[in-house]
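Residues per chain, in single letters:
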Amino acid sequence: MKRMLIAGLFLVITISGSTIYGQQDDEAKRIRTREQLAQVLEKFGDSIKVSFTRSLKQPFNYVGTLKTGLTNAESFEIVISVTPKDTIGFRVYPHYKGGYINVDKVNDRVALMRLLLRLSDRAFLYWGVDEAGDVFTGYTFTMESGFPEE
């Protein structure tokens, strides 16, 4: 009976230890990806006229604003996220008349939602609404082979 108890305890310790180490490895990989992304954004941000900074609220997000060359929006707020699951997500929020486009504040919500669904069907990017009701377009890609060196 003691042997079974000791074997069971060893098994529990081994499983929880591997889970903790796996989480630490995942977190280290996420931090490494974030740092590599920061280098790319610093290197190429000026060429697209966007200066990216790391978010104060979310340490795995970078935020930048595009204000030049736009005809139908005042600016685009670009949020780039490094997720715990080896993905990088882009969300681009159009700003119009001094703020976000919010589904709860537009006159014709149904028409806006229809437009977003049609655009999601026709475009490379998908359109969505976040928890606050703000409209964004986005794209998420997986880093299955790690962060590209090129």
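Residues numbered from 1 in each chain as written. Predicted model: local features only at pLDDT ≥ 70, side-chain atom pairs only at ≥ 80, totals over all residues. Heavy atoms only, no water.

1. Things to note about the overall build of the protein
Here comes step 1: Helix and strand counts for the protein stand at two helices and seven strands.
Here comes step 2: Secondary structure elements of the protein, listed N to C terminal, follow the sequence α-β-β-β-β-β-α-β-β.
Here comes step 3: When contacts within the protein are restricted to residue pairs at least 6 apart in sequence, long-range pairs at least 24 apart make up 39% of them. (Helix = DSSP H or I, 4+ residues; strand = E, 2+ residues; numbered from the N terminus. Contact = heavy atoms within 4.5 Å.)

2. What to know about the pairing of strand β4 (residues 87-96)
Here comes step 1: Counting buried residues in β4 gives seven out of ten residues, a clear majority hidden from the surface.
Here comes step 2: Here strand β3 (residues 75-82) pairs with β4 via eight bridges, running antiparallel. Bridging from a neighbouring strand, V79 pairs with R91 of β4.
Here comes step 3: Turn length for the β3-β4 hairpin, with the two strands adjacent in sequence and antiparallel, is four residues, and the turn residue D86 shows positive phi of about 60°.
Here comes step 4: As paired strands, β4 and strand β7 (residues 135-142) are joined by six bridges and run antiparallel to one another. The partner of R91 across the bridge, within β7, is G138. (Buried < 20%, exposed > 50% of the residue type's maximum accessible area, 1.4 Å probe, protein only. Pairing = 2+ DSSP bridges.)

3. Things to note about the nonpolar core
Here comes step 1: Of all hydrophobic cores here, the largest spans 15 residues; its most connected members are L37, L41, F52, I78 and I80.
Here comes step 2: Contacts of I80, omitting those with residues within four sequence positions, involve L37, L41, F52, F60, N61, Y62, I88, G89 and F90. (Core = buried A, V, L, I, M, F, W, Y, C linked by side-chain atoms within 4.5 Å.)

4. A closer look at unusual backbone geometry
Here comes step 1: In this structure, D86 is a non-glycine residue whose phi angle is positive, near 60°.
Here comes step 2: Along the chain, the position of D86 falls in the loop between β3 and β4.
Here comes step 3: Take D86: its relative accessible area is 30%, and that puts it in the partly exposed class.
Here comes step 4: The backbone phi angle of K97 is positive, close to 55°, even though this residue is not glycine.
Here comes step 5: Relative to the helices and strands, K97 is located in the loop between β4 and β5 (99-100).

5. Section: the pairing of β3
Here comes step 1: Burial analysis of β3 places seven of its eight residues in the buried class, which makes it a mostly covered element.
Here comes step 2: As paired elements, strand β2 (residues 61-66) and β3 share six bridges and run antiparallel to each other. Following the sheet pairing, Y62 is matched in β3 by I80.

6. Regarding the packing of aromatic side chains
Each aromatic ring pair is summarised here by two numbers: the centre-to-centre distance and the angle between the ring planes.
Here comes step 1: One pass over the structure, following the stated rule, counts six aromatic pairs.
Here comes step 2: Taking 6.0 Å as the distance between ring centres and 25° as the angle between the ring planes, the aromatic pair formed by F90 and F141 counts as stacked. Residue F90 is located in strand β4, and its partner F141 is located in strand β7; the two are separated by 51 residues in the primary sequence.
Here comes step 3: Look at F90 and you get partly exposed, because its relative accessible area is 27%.
Here comes step 4: For the pair Y93 and F136, a centre-to-centre distance of 5.6 Å together with 50° between the ring planes defines the contact as tilted. Placement of the pair is Y93 in strand β4 and F136 in strand β7, with a sequence separation of 43 residues.
Here comes step 5: You can call Y93 buried: its relative accessible area is 8%.
Here comes step 6: On the basis of relative accessibility, which here comes to 3%, the residue F136 falls in the buried class.
Here comes step 7: These aromatic residues form a ring-pair network of at least three members: F90, F124, Y139 and F141.
Here comes step 8: Just above the ring of F60 sits the side chain of R30; from NZ or CZ to the centre is 3.7 Å.
Here comes step 9: Across from the ring centre of F60, 4.6 Å away, lies the NZ or CZ of R34, which sits over that ring. (Phe/Tyr/Trp six-rings, centres within 6.5 Å; stacked < 30°, edge-to-face > 60°. Lys NZ or Arg CZ within 6 Å of the ring centre and 35° of its normal.)

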